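Each chain, letter by letter, is given below.
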Amino acid sequence: SSDLFGNLVAIPHPFQVMTPNSFVAIGILERPVWWGHNDVQVVFLVSISADEDSDVGHFYQLTTKLLFDSAAIQQLLNNPTFDVIMDLLKGSDAL
């Protein structure tokens, strides 16, 4: 599947498990870059471990809601801080 979500967001990921622990790194670019078919300015680098984790489904629900929310992505671009991303994720949990 494509790692391009639209809405200035991409989520590249490995084809196989590469790390013993799950984690996400977020890159927020000063200017968009061309990502094959659309501009991208927010990159979520996701690595999910092979160990079963009941929170993975919840993580995908929260991030999917966030990534398709244009206003939330714009808020993150306007103030690219850890606190903002955490507030946005918590807010998407309430939806």
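About the thresholds
- Residues numbered from 1 in each chain as written.
- Predicted model: local features only at pLDDT ≥ 70, side-chain atom pairs only at ≥ 80, totals over all residues.
- Heavy atoms only, no water.
- Core = buried A, V, L, I, M, F, W, Y, C linked by side-chain atoms within 4.5 Å.
- Buried < 20%, exposed > 50% of the residue type's maximum accessible area, 1.4 Å probe, protein only.
- Helix = DSSP H or I, 4+ residues; strand = E, 2+ residues; numbered from the N terminus.
- pLDDT = per-residue confidence, 0-100.
- Salt bridge = Lys/Arg side-chain N within 4 Å of Asp/Glu carboxyl O.
- Contact = heavy atoms within 4.5 Å.
- Expected span 1.5 Å × (residues − 1).
- Arc of directions from axis to C-beta.

Points about the nonpolar core
Then, number 1: Among the nonpolar cores identified, the biggest contains 16 residues, and Val9, Val42, Phe44 and Leu66 are the most heavily contacted of them.
Then, number 2: Taken together, the elements giving at least two residues each to this core come down to β4 (39–47), α1 (55–67), α2 (70–78) and α3 (82–94).

Here we look at the confidence of the model for the protein chain
Then, number 1: Per-residue confidence for the protein chain gives a mean pLDDT of 83, with 88% of residues at or over 70.
Then, number 2: Averaged over each element, pLDDT in the protein chain is lowest for strand β1 (residues 4–6) (71) and highest for α2 (94).

What to know about the pattern of salt bridges
Pairs can form between side chains of opposite charge whenever their charged atoms are close.
Then, number 1: In this structure the tally under the stated criterion is one salt bridge.
Then, number 2: A salt bridge links Arg31 to Glu30; the shortest N-O distance between them is 3.9 Å.

Regarding the side chain of Gln41
Then, number 1: For Gln41, the position within the fold is in strand β4.
Then, number 2: Leave out the neighbours within four places in its chain, and Gln41 touches Leu8, Gly27, Ile28, Leu29, Glu30, Arg31, Pro32 and Leu77.

Points about α1
Then, number 1: With 13 residues, α1 extends 18 Å from end C-alpha to end C-alpha; this agrees with the ideal 18 Å at 1.5 Å per step.
Then, number 2: When we look at burial in α1, the residues that qualify are Val56, Leu62, Thr63, Leu66 and Leu67. Buried residues of α1, viewed axially, fall in a sector of 125°; they line one side.

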